[in-house]
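Analysis of the macromolecular model
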Protein chains: 2
Amino acid sequence: MQRVAIKGIGQTPVREHWDMAVHNLAVDAARAALDDAGIDKVDAIFLGNMTSDALNKQHHLATKVADYLGMRGVETVKLEAACGSGAAAVRQGMLAIAGGMMDAVLVVGVEKMTDSKGAETTRALATAADADYEVIHGVTFVGLNALVMQRYMHTYGYVQADFAPFALNAHANGANNPNALFREPISLRTYERGRAVAEPITLFDASPIGDGAAAVVLVSAEKAPDAVKILGSASSIDTLAVHDREDPLWLKAAEISTRKAMAQAGVTHDDIDIFELHDAFSVMAALSLESSGFVEPGQGVPFAQSGAIFPNGGLPIQTMGGLKARGHPVGATGVYQIVEATQQMRGTAGDAQIDGVEIAMTQNIGGSGATIVTHILGK
Amino acid sequence: MQRVAIKGIGQTPVREHWDMAVHNLAVDAARAALDDAGIDKVDAIFLGNMTSDALNKQHHLATKVADYLGMRGVETVKLEAACGSGAAAVRQGMLAIAGGMMDAVLVVGVEKMTDSKGAETTRALATAADADYEVIHGVTFVGLNALVMQRYMHTYGYVQADFAPFALNAHANGANNPNALFREPISLRTYERGRAVAEPITLFDASPIGDGAAAVVLVSAEKAPDAVKILGSASSIDTLAVHDREDPLWLKAAEISTRKAMAQAGVTHDDIDIFELHDAFSVMAALSLESSGFVEPGQGVPFAQSGAIFPNGGLPIQTMGGLKARGHPVGATGVYQIVEATQQMRGTAGDAQIDGVEIAMTQNIGGSGATIVTHILGK
C-alpha cells in the first residue's frame, strides 16, 4: 500500500458566480490544481457533486468536465454521498493511488446552487434525507437539523445564543480568506439578532449555499516526498433517518470514521492541530467535536465558548471560514476542506495562517450524519 | 495487484415493480448476491444509479441501501456516469479489491423509473447529454440517437429495417430469461410495424425503461479461486456532445476501453465468446461492434444480418435479452451485464445458456458514447 501525497491544490472563490456554469467552475479549480502540481495528465478524474442534475440539468458531469479540460480518453466518474460527496471523491482517488492502481488522479468537488429558485434548491437538498420516512412529512433539511438542535438544547440545558462562538469564529476566519463567501467578522450582537430560519436555527447558525469548486491532484508519496500526505482516510455510514439513530445526538459515523482514520495515521486526538469539521449548522459543529472524541457529549458548546476553537485556542476549527463563512457549495465542501488544511500545513494560508500545523483533520458529512468521511493529513 | 473474482451475483427481474421502492429493489439484489457469495459482511458498498433524486426524490441512496441492509458502519458511495453508472460502480469495486485496499465489496446497480410521468423520465434521461449545447435546443436523448442512426444510414446506405436482427436476437434471447422485462420473441413483421419513436428510431430500435437491480460481490481471486474473474477493466471518455466527436459514427471511448481491457486480459477479439454490449438503441449496437473492433466501420449491420450475433453465431450478443429485452433500468444495466455474463460462464443461464463461454466481454455506455466502461471476464 502506497502512501498518498497531495501534489496540487486549487479552488475558486465561493460566490454567486453569475457568469460561470457548473462545469466552468470545476475546470477552473481543476486547472489550478494541475498547474500547482506541475502536471497535465492524470489517470482519472473523480468528481464530487450533489445537485447538478436537479439544479443545472446536467448529469454526466464528470465526463463533461474532463471533456472541457481537453482530457479525452481519460477515465472519469462522479461520486455522490449528499453533502459528503467531496470527501467521498477524495477517498476514491486516494484508494486508487494507495492501491497502486493509478499514478495520478485529479479530484474535483463542484456545486452551482445559486441559479435556482429557493424552493428548487431546498427540494434538491432534501434528497439527502430519507424521502420515504422524513421528507414525506414535509420536513426540510434545515428543519431536520433544527429538531436535532432543539433536542441538544433540551438535553444539555443550553439556549440558542450559546452557539454563538461557532459563528463568530467562522466569520472571523472567513474575513482572512479571500476565497470565502463571507469576508466580514460578525459581532455577538449581530449573531443574536439573526432571524429564525427554522427554530431554533437562526440565520447565523446555518451555513450558506454558494457556487464553487475545489480540486486536488493525488500521487503516490514517492513522487512527491515533500508534499502534504494523507495519513488516514475512512468512511462510515449511520442510519439515514435521524429518528432511526441509536442516539440522535451522537454521530456514530463520526466516531467510527475518526477512530479508523486516527488508527491508520497513528495519531491521537492530542496530535490534531486543526479540525476542519462540517459546520453545516452550528449544532453539527458541536456534535462533530463530541462524536469525533475531542470532548465529552454535551461539551461541544462549552468547548467553543472557552475559545478553544479559535485560532489561538487548543483546537482551531474552520480556520478559513468553514462551511459557515467560506460557504457550502455542497459537493465541493469536502474538497475545500482538504485544500484548506493543505494550505495550513504548507504555510500558504495567508492572513488565516495558523502556526505550526503538522497534523490536520477534515471531516465531511452527508445528510444529517448518515455518511461521514474523515481524513487526516500530515507530512 | 490482485486478481478480482466475482464471488456472488444477484438480480431482481426487470419489471414495473409497483410494490417496490428503489431501495427495496437494491436490497433484494444485494441480499441475493451476498447469499450467493456466502458472506454477510463487506468493506464497502458501491452503488450505481442515475435518476433516484429526480425520479424518486432520494439522493444519498447508497447510504439508504446500506442502512436497510442493516450494515451500519460500512462504507458506501454512489457512482454516476449516466447510463454507465452500473459498470462504473463495478470498476470502483474492482479497483479497491485489485489494489488490496479492501477484502470484499458489494456492488449494486439499481433504477426505479416507472413511477414517474413520461415527461419527467425523459427530462431526467436527457441530463446524460450536454445541457448547454445539446438539450438546450430541445433534443431528447432518443432524438440524439435518432440523429446518429440517420447519419449511419446515410453514410453506409442502410434502411431502417436493416437493423431488425438486433431486436429479433434480443427478444428471442429475452424469451429464455425469466428476469427479462420482455419475454416473447418477435417476428420481422412485428419489428417492421413498430411505430416511430424519433425517426428513424422505431419502437423496436429502442430499449425500454424498467425497474430493477443487480448486484455482485467482489473478492480477491485467492479467496475464490474457482469463481469467474475480472481479467480486464477499463473506462474512457469521449466528448460529451455528439457534435464534438471526431466522428459521430465512431465511439472512441469504446475503442480505447476495449483496447485497454483486452491488453490487461491478454486476449484478442477472437477469444471473446459473448459480448454483452450496450444496445440502448439498435444503432448503438452496430457502433459498439464496430468501435470495439469486432467488425469494420459500417459492418455492424451486415454482421447482425449474417446471424453472427445470434446464439449459434460467431459472436453471440445480448444473450439474455440485452438492454432491448431484458430491459434498461439505466444505472443497473452495467451490473446486469456482469451478472448475466457470469451466469453464462458458470453455466447457470438456463434456457438462455450459450455453450462453452470461457471469455466474456461487457460494455456499458453513458450518454451517447461519452463514457464507456468495458470489462472482460474469464476463469
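To be clear, the structure that these remarks concern was listed above.
The text that follows walks through the structure, step by step, so that each part is easy to find. Here the residue numbering is sequential within each chain, running from 1 through the sequence in written order. To read the labels, note that chains go from A and ligands from 1, taken in the order they are written. With pLDDT at 70 or above as the cut-off, local features in this predicted model cover only qualifying residues; side-chain atom pairs require 80 or more to be listed or tallied, and sums for whole chains, interfaces and linings still use all residues. Where side-chain values are given, they derive from all heavy atoms of the structure, hydrogens and water being excluded.

Another point: the overall build of chain A. For helices the rule is a DSSP run of H or I covering at least 4 residues; for strands it is a run of E covering at least 2, with both sets numbered from the N terminus onward. Within chain A, the secondary structure is distributed over 13 helices and 11 strands. Computed over the C-alpha atoms, the radius of gyration of chain A is 19 Å, within 12% of the 21 Å expected from 2.2 N^0.38 for a compact globule of 379 residues. C-alpha atoms of chain A, sized along the principal axes, occupy 55 × 45 × 40 Å. In chain A, which comprises 379 residues, the share counted as buried stands at 69%. Residues are treated as being in contact if the distance between any of their heavy atoms lies within 4.5 Å. At a minimum sequence separation of 6, the contacts of chain A that also span at least 24 residues come to 78%. When the accessible surface of chain A is summed, it comes to about 12100 Å², and 49% of that surface belongs to carbon and sulfur atoms. Taken as two groups, the 28 positive and 42 negative side-chain charges of chain A have centres that lie 4 Å from each other. To get the radius of gyration, use the C-alpha atoms; to get the globule rule, take the number of residues to the power 0.38 and multiply by 2.2 Å. For every residue, the accessible area obtained with a 1.4 Å probe (protein chains only) is divided by the maximum for its type, and the residue is called buried under 20%, exposed over 50%, and partly exposed between those limits. Each accessible area value is a Shrake-Rupley result obtained with a 1.4 Å probe; residue values ignore everything except the protein chains displayed when judging cover. Here the positive residues are Lys and Arg and the negative ones are Asp and Glu; neither His nor the chain ends is included. The atom standing in for a charge is NZ when the residue is Lys, CZ when it is Arg, CG when it is Asp and CD when it is Glu.

What follows deals with the interface of chain B and chain A. On the chain A side, the residues contacting the 58 residues of chain B number 58 residues. When two parts are brought into contact, each loses some accessible area as probed by a 1.4 Å sphere; the total of that loss over both is the buried area. Interface of chain B and chain A: buried area, both sides summed, is about 4500 Å²; carbon and sulfur atoms make up 55% of it. Take a side-chain nitrogen of Lys or Arg and a carboxyl oxygen of Asp or Glu: if they are within 4 Å of each other, that pair is a salt bridge. For the interface between chain B and chain A, the tally reads 6 salt bridges. For Asp130 of chain B, the salt bridge identified is with Lys64 of chain A, shortest N-O distance 2.7 Å. Polar contact is the term for a pair of N or O atoms within 3.5 Å; when the atoms are in protein, one must be able to donate a hydrogen and the other to accept it, and sequence-neighboring residues count only if both atoms are side-chain atoms. For the interface between chain B and chain A, the tally reads 34 residue pairs in polar contact (both at pLDDT 80 or more). Looking at the side of chain B that touches chain A, the elements with two or more residues in it are helix 2 (52–56), helix 3 (61–68), strand 3 (75–80), helix 4 (85–98), strand 8 (228–237) and helix 9 (252–265) of chain B. Residue polarity follows a fixed list, in which Ala, Val, Leu, Ile, Met, Phe, Trp, Tyr, Cys and Pro are nonpolar, Asp, Glu, Lys and Arg are charged, and the others, Gly among them, are polar. In the side of chain B that touches chain A, the residues fall into 28 nonpolar, 17 polar and 13 charged.

Below, the discussion takes up the pattern of salt bridges. Within the structure shown, the criterion is met by 24 salt bridges over all chains. Taking the shortest distance from any N to any O, the salt bridge between Arg91 of chain B and Glu75 of chain A comes out at 2.6 Å. Of this pair, Arg91 of chain B sits in helix 4 while Glu75 of chain A sits in strand 3 (residues 75–80), each in a different chain. For the pair Arg91 of chain B and Glu75 of chain A, one class covers both residues: buried.

This next bit is on the pairing of strand 10 (residues 360–366) of chain B. Residues and elements named next belong to chain B. With 7 of its 7 residues buried, strand 10 lies for the most part within the structure. The alternating pattern of strand 10 places Ala360, Thr362, Asn364 and Gly366 on one face and Met361, Gln363 and Ile365 on the opposite face, and all of these are buried. Two strands are said to pair when DSSP picks up at least two bridges between them. Judged from the 3 bridges that link them, strand 9 (residues 274–276) and strand 10 form a sheet pairing that is parallel. Note on strand 10: the bridge partner recorded for Phe275 is Met361. From the end of strand 10 to the start of strand 11 (residues 371–378), which pair antiparallel, there are 4 residues, and Gly367 there has a positive phi angle of about 65°.

Quick look at the packing of helix 1 (residues 22–37) of chain B against helix 3 of chain B now. Packed helix pairs are specified by the crossing angle of their axes together with the interaxial distance, meaning the distance between the axes. Residues and elements named next belong to chain B. Contact geometry of helix 1 with helix 3 gives a least axis separation of 9 Å together with a crossing angle of 60°. The angle between helix 1 and helix 3 places the two elements in the oblique class. Between helix 1 and helix 3 the crossing geometry is right-handed. Residues Val22, His23, Ala26 and Val27 of helix 1 touch helix 3, and the partners they reach there are Leu61, Lys64, Val65 and Tyr68. Grouping the constituent residues of the contact of helix 1 with helix 3 by class yields 6 nonpolar, 1 polar and 1 charged. The axes are straight lines fitted to the C-alpha atoms, using for helices just the contacting stretch, and the angles between their N-to-C directions are given from 0 to 180°. The labels follow the angle: roughly parallel below 35 degrees, roughly antiparallel above 145, roughly perpendicular from 65 to 115, and oblique for the rest. Left-handed is the label given to a crossing in which the near helix is rotated counterclockwise from the far helix by less than a right angle, and right-handed is the label when the rotation is clockwise.

When the copies are overlaid, the least-squares fit takes in C-alpha atoms only where the residue has pLDDT of at least 70 in both copies. Of the two same-sequence chains, chain B is brought onto chain A (RMSD 0.0 Å, axial shift 0.0 Å) by a rotation of 180°. Considering both components of the superposition, the chain copies are consistent with a two-fold axis. Minimal C-alpha distance to the rotation axis in chain B is attained by Gly99 of chain B, lying at 1.9 Å.

Okay, the layout of surface pockets next. For the largest pocket, the calculated volume is near 1300 Å³. Any residue with an atom within 4 Å of a point lines the site, the site being either a cavity, points on a 1 Å grid over the protein atoms alone where a 1.4 Å probe fits but cannot get out, or a pocket, an open set with protein on both sides within 12 Å along at least 5 of 7 lines. Residue lining of the largest pocket: 49 residues in total, with Asp53, Ala54 and Leu55 of chain A together with Asp53 and Ala54 of chain B positioned closest to the centre. If you list the elements that add at least two residues to the lining of the largest pocket, you get helix 1 (22–37), helix 2 (52–56) and helix 5 (118–126) of chain A together with helix 1, helix 2 and helix 5 (118–126) of chain B. In terms of residue class, the lining of the largest pocket is made up of 20 nonpolar, 13 polar and 16 charged. Grid points are joined across faces, edges and corners, and a volume is the space filled by probe spheres set on the points.

Nonpolar cores are built from buried Ala, Val, Leu, Ile, Met, Phe, Trp, Tyr and Cys residues. Side-chain atoms within 4.5 Å join them into one set. Counting residues in each nonpolar core, the largest one holds 77 residues, and the members touching the most others are Phe46 and Leu218 of chain A together with Phe46 and Leu218 of chain B. Ignoring anything within four residues of it in the chain, the contact list for Leu218 of chain A reads Val4, Ala5, Ile6, Val90, Gly93, Met94, Ile97, Asp103, Ala104, Val105, Val107 and Ile230 of chain A.

Take empty space enclosed by the protein next. Per the stated rule, a full pass over the model turns up 6 cavities of 30 Å³ or more. For the lining of the largest cavity, the class distribution of residues is 7 nonpolar, 3 polar and 3 charged. When its volume is computed, the second largest cavity comes out at roughly 50 Å³. Tallied by class, the residues present in the lining of the second largest cavity amount to 5 nonpolar, 1 polar and 3 charged.

Inspection of the secondary structure puts Asp238 of chain A in the loop between strand 8 (228–237) and helix 9 (252–265). For the pair Asp238 of chain A and Arg91 of chain A, spaced 147 residues apart in sequence, the C-alpha to C-alpha distance is 18 Å. If we ignore the near neighbours within four places in the chain, the residues touching Asp238 of chain A are Arg245, Trp250, Lys252, Ala253, Gly369 and Ala370 of chain A together with Thr63 of chain B. One polar contact links the side chain of Asp238 of chain A to the main-chain amide nitrogen of Lys252 of chain A, over a distance of 3.5 Å.

Residues and elements named next belong to chain A. Looking at where Gln343 falls in the secondary structure, it is placed in helix 13 (residues 333–346). Residue classification places Gln343 among the buried positions, given a relative accessible area of 11%. Side-chain polar atoms of Gln343 contact the side chain of Gln11, separated by 2.9 Å. With sequence-adjacent residues up to four places away left out, Gln343 is seen in contact with Ile9, Gln11, Met320, Thr348, Ala349 and Gln353.

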